[in-house]
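Listed below are the residues making up each chain.
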Amino acid sequence: ELWFAIIINDFNNFSDRMVEIIDDPENIRYKETFLKLCSYFLKFSREEFDKFKIMFLMEPPLPKPVSEKERGPYELEHEPRAFEILLVQLMKGQKAKEIINDEDPFILTGIIWSMLLGAATSISPFYDYLGTSFLSDNLPSDFHGDPREVLHDLLVIKIDNMISLK
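Each value, and the rule that gives it
- Residues numbered from 1 in each chain as written.
- Predicted model: local features only at pLDDT ≥ 70, side-chain atom pairs only at ≥ 80, totals over all residues.
- Heavy atoms only, no water.
- Patch = residues over 30% accessible without salt bridge, like charges linked within 9 Å, V, L, I, M, F, W, Y side chains within 5 Å.
- Areas by Shrake-Rupley, 256 points an atom, 1.4 Å probe, with all protein chains shown as cover.
- Salt bridge = Lys/Arg side-chain N within 4 Å of Asp/Glu carboxyl O.
- Buried < 20%, exposed > 50% of the residue type's maximum accessible area, 1.4 Å probe, protein only.
- Helix = DSSP H or I, 4+ residues; strand = E, 2+ residues; numbered from the N terminus.
- Expected span 1.5 Å × (residues − 1).
- Contact = heavy atoms within 4.5 Å.
- 1 Å grid on protein atoms, 1.4 Å probe; cavity = no way out; pocket = protein on both sides within 12 Å on 5 of 7 lines; lining within 4 Å.
- Points joined across faces, edges and corners; volume = space filled by probe spheres on them.
- Nonpolar A, V, L, I, M, F, W, Y, C, P; charged D, E, K, R; others polar.

J.: I tried to follow a nonpolar patch on the surface on my own but got confused; where do I start?
T.: Taken together, the side chains of Phe106, Ile107 and Ile111 make up a nonpolar region of the molecular surface, amounting to roughly 280 Å² of accessible area. Judged by relative accessible area, which is 51%, phenylalanine 106 ranks as exposed.

Structure follows, in structure tokens:
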């Protein structure tokens, strides 16, 4: 429970921000909101990578995997909800015909989740290790700005293309 107590505030803040994006009156389209949620996930990973690592990459310090029955009420109440929020938004977009990819929503969300996690985990430490010039020097010349942000924006464009395919 100590591990959960340490990160609970960060998980709640992260999930609350996702809900704020969904509830924003300017976000009236499910597809647009879904893409904003993806962008927020990537932005958070860039700007708060240490928190991101603890929240999404580190396993709780448990002696062995535990079943839902073995977890306490505190752990069950404070599970990360980011995947679930993305899944629900994608399903709403499919139902409203804004997201026209008719792939199983759980599988499609899982693929997108993997892409987001992959980009978040590979680009941030990679960028810090190699420095700005490596990424900047290897992006096409018409891309400007923080190379991590550019790569993350390109991923969101790819996700947009993917959810727009039948």
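On we go.
J.: How do you make sense of helix 8 (residues 147-163) when you look at a structure like this?
T.: The periodicity of an α-helix, 3.6 residues per turn, causes residues three or four places apart in sequence to face the same way. In this model helix 8 runs 24 Å from its N-terminal to its C-terminal C-alpha over 17 residues, within 8% of the 24 Å that 1.5 Å per residue would give. Along helix 8, the residues that are buried comprise Pro147, Arg148, Val150, His152, Leu155, Val156, Ile159, Met162 and Ile163.

J.: Can you help me understand the pattern of salt bridges in this one?
T.: If the charged atoms of two oppositely charged side chains come close together, the side chains can form a pair. Applying the stated criterion across every chain, the model contains 7 salt bridges. Between lysine 31 and aspartate 160 there is a salt bridge; the shortest N-O distance is 2.9 Å. You can see lysine 31 sitting in helix 2 (residues 30-47) and its partner aspartate 160 sitting in helix 8, a full 129 residues away along the chain. For the salt bridge of glutamate 32 with lysine 36, the shortest nitrogen-to-oxygen distance reads 3.4 Å. Residue glutamate 32 and its partner lysine 36 are both found in helix 2; the two are separated by 4 residues, about one turn of the helix. One network of salt bridges, in which partners are shared, links Asp10, Glu48 and Lys51.

J.: I'm lost on the side chain of threonine 109 in this one. Help?
T.: Looking at the secondary structure, you find threonine 109 in helix 6 (residues 105-130). Residue class for threonine 109 comes out buried when judged on its relative accessible area of 0%. Among residues more than four places away in sequence, those in contact with threonine 109 are Phe83, Leu86, Leu87 and Leu90.

J.: Mind showing me how you'd approach the layout of surface pockets here?
T.: Where empty space is left becomes clear once a probe the size of a water molecule has been rolled over the atoms. Approximately 210 Å³ is the volume found for the second largest pocket. Elements with a minimum of two residues in the lining of the second largest pocket: helix 1 (2-23), helix 2 and helix 8. The element that contributes the greatest number of residues to the lining of the second largest pocket is helix 2, accounting for 7 residues. Per-class residue counts for the lining of the second largest pocket are 4 nonpolar, 2 polar and 9 charged.

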